[in-house]
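The lines below spell out each chain.
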Amino acid sequence: METPYLTIDLDKIEHNTRAIVDLCNKHGIAVTGVTKGVCGHPGIAEAMLRGGVTSIGDSRLKNIQRLRNAGIDTTFMLLRVPPLSTVGTVVESVDLSLNSELAVLEGLSAAAVLAGKIHDVILMVDFGDLREGIWPDDVIAFVREAIRLDGIRIQGIGTNLACFGGVVPSEANMGQFVALANELEQRFTITLEWISGINSSGLELIASGRMPWRINHARIGEAILLGCETIQRKPWPGTVQNAFVLYAEVLELKKKPSLPVGERSEDAFGELTGFEDRGKILRALINVGREDIDINGITPIDSRIDILGGSSGYLVLDVTAMEDNIAVGDELSFTLNYSALLTAMTSEYVTKHTLKNSANSVE
Ligand SMILES: *Cc1c(COP(=O)(O)O)cnc(C)c1O
């Protein structure tokens, strides 16, 4: 196969999905599978659905359209708050969107009325992470306006933590969230079907039994794709961490000094890289670089490989410890973090290779 390439093991993704969904369901929480880290890859969305998610969420309309065009039949949720300029397309292509601006809701309302549709929304509330969401003090006034809009149905409220401010979901903030939901229901005599509390950062709170019961919806991406929670990035029990593996090829293999020779200036990326004197080392150049992936987000599967750095097209490795076990043309493999996965998926230079029904897929 042409290198570099990324293998995508759909059985492992299905397996991971089932592990997360089982945990959430036991606590009365339905799961939306999030595909934004994999560019709305249809095979991955299908694996998530086989694993038990009840809908698919993505932050980009283009990804949702890709999934719809692939014939995937489920409820689609737009996770990033919609642009005012695109409300018509949102009403047309997604079943439910997350929202935080009245002007956008008004636009969605007009578009829905025009299309003769009802557009479902979840109102996002910011509990301190400082990304999207209405500040809690302003929610009552917001809802008072929002419930008057035709063509819009407020299906629930949501909050997103541990994304921008790194705020950890806790009994305290989830408790405030539930209290707010109860207050809205009483004050406006509405029923909020979804209290959408968490992403992959909330699994620990659920597993430890501290998640307030009223929380009944989770939007999960990373834990399914990479098999980890996102507070400490610990492997999540019952999941595997290698559903995605990156392969690149050794282009050059030479013994060279470990320190650059001559007067030094900035490297190609305007950085002054530090070098450690390891004497003469065996160095491998492989055909993946910053143009393809976040080079800080990959880990060699063979622990004898040490990544020294990279430029747009090369990654430079210290493979001294592999001395007699490596040759030009060999493929080396790497696991990826979320940032590396995202960049590998968006790079047109990385071939995507989907593995299906691999016999011993889940080890
Ligand atoms: C990305 C995103 C998620 C999923 O987050 P993970 O950490 O990948 O589980 C959930 N909700 C919103 C609003 C998002 O943008």
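One structure accompanies this document, and this report is about it. It should be emphasised that the depicted structure is a prediction, and the values quoted were computed from it without experimental measurement.

Rules and cut-offs
- Residues numbered from 1 in each chain as written.
- Predicted model: local features only at pLDDT ≥ 70, side-chain atom pairs only at ≥ 80, totals over all residues.
- Heavy atoms only, no water.
- Helix = DSSP H or I, 4+ residues; strand = E, 2+ residues; numbered from the N terminus.
- Near = heavy atom within 4 Å.
- Polar contact = N/O pair within 3.5 Å; in protein donor to acceptor, adjacent residues only side chain to side chain.
- Areas by Shrake-Rupley, 256 points an atom, 1.4 Å probe, with all protein chains shown as cover.
- Nonpolar A, V, L, I, M, F, W, Y, C, P; charged D, E, K, R; others polar.
- Phe/Tyr/Trp six-rings, centres within 6.5 Å; stacked < 30°, edge-to-face > 60°.
- Buried < 20%, exposed > 50% of the residue type's maximum accessible area, 1.4 Å probe, protein only.
- Pairing = 2+ DSSP bridges.
- Right-handed = clockwise from strand over helix to strand, strands pointing away.

1. Looking at the environment of Ala207
Reasoning step 1: Here Ala207 is to be found in helix 8 (residues 203–207).
Reasoning step 2: Along the primary structure Ala207 and Ile152 are separated by 55 residues, whereas in three dimensions their C-alpha atoms are 35 Å apart.

2. Quick notes on the site of the ligand
Reasoning step 1: Taken together, 13 residues lie near the ligand, and Lys36, Ser200, Arg219, Gly221 and Glu222 sit nearest.
Reasoning step 2: In the environment of the ligand, a nitrogen atom lies 2.8 Å from a nitrogen or oxygen atom belonging to the side chain of Arg219.
Reasoning step 3: Note that an oxygen atom of the ligand is positioned 2.8 Å from one of the backbone N or O atoms of Gly221.
Reasoning step 4: For the ligand, the accessible surface in isolation is 390 Å², of which the surrounding protein chains cover 95%.
Reasoning step 5: Partitioned by chemical class, the residues of the shell around the ligand number four nonpolar, four polar and five charged.

3. Concerning the packing of aromatic side chains
Reasoning step 1: The final tally for this structure, using the stated rule, is two aromatic pairs.
Reasoning step 2: Here Tyr5 and Tyr247 contribute two aromatic rings whose centre-to-centre distance is 4.9 Å and whose plane-to-plane angle is 15°, an arrangement assigned as stacked. Highlighted residues: Tyr5 in strand 1 (residues 5–9) and Tyr247 in strand 10 (residues 244–257), separated in sequence by 242 residues.
Reasoning step 3: According to the relative accessible area criterion, Tyr247 is partly exposed, its value standing at 23%.
Reasoning step 4: Here the aromatic rings of Phe127 and Phe177 are separated by 5.6 Å at their centres, their planes lie at 70°, and the arrangement is edge-to-face.

4. A word on the pairing of strand 7 (residues 152–158)
Reasoning step 1: Most of strand 7 sits inside the fold, with six of its seven residues counted as buried.
Reasoning step 2: Note: strand 6 (residues 119–124) against strand 7, six bridges, orientation parallel. In the strand pairing of strand 7, Leu123 is matched with Ile157.
Reasoning step 3: Regarding the hand of the β-α-β motif, the stretch spanning strand 6, helix 6 (residues 139–146) and strand 7 is right-handed.

5. Concerning unusual backbone geometry
Reasoning step 1: Residue Pro4 is bonded to the preceding Thr3 through a cis peptide linkage, with omega at -5°.
Reasoning step 2: Tracing the backbone through its elements, the reader meets Pro4 in the segment before strand 1.
Reasoning step 3: Positive phi values are uncommon outside glycine, yet Leu130 reaches one of about 65°.
Reasoning step 4: Located in the positive-phi region is Arg233, a residue other than glycine, with phi close to 55°.
Reasoning step 5: Within the secondary structure, Arg233 is located in the loop between helix 9 (222–226) and strand 10.
Reasoning step 6: The exposure class assigned to Arg233 is partly exposed, which follows from its relative accessible area of 47%.

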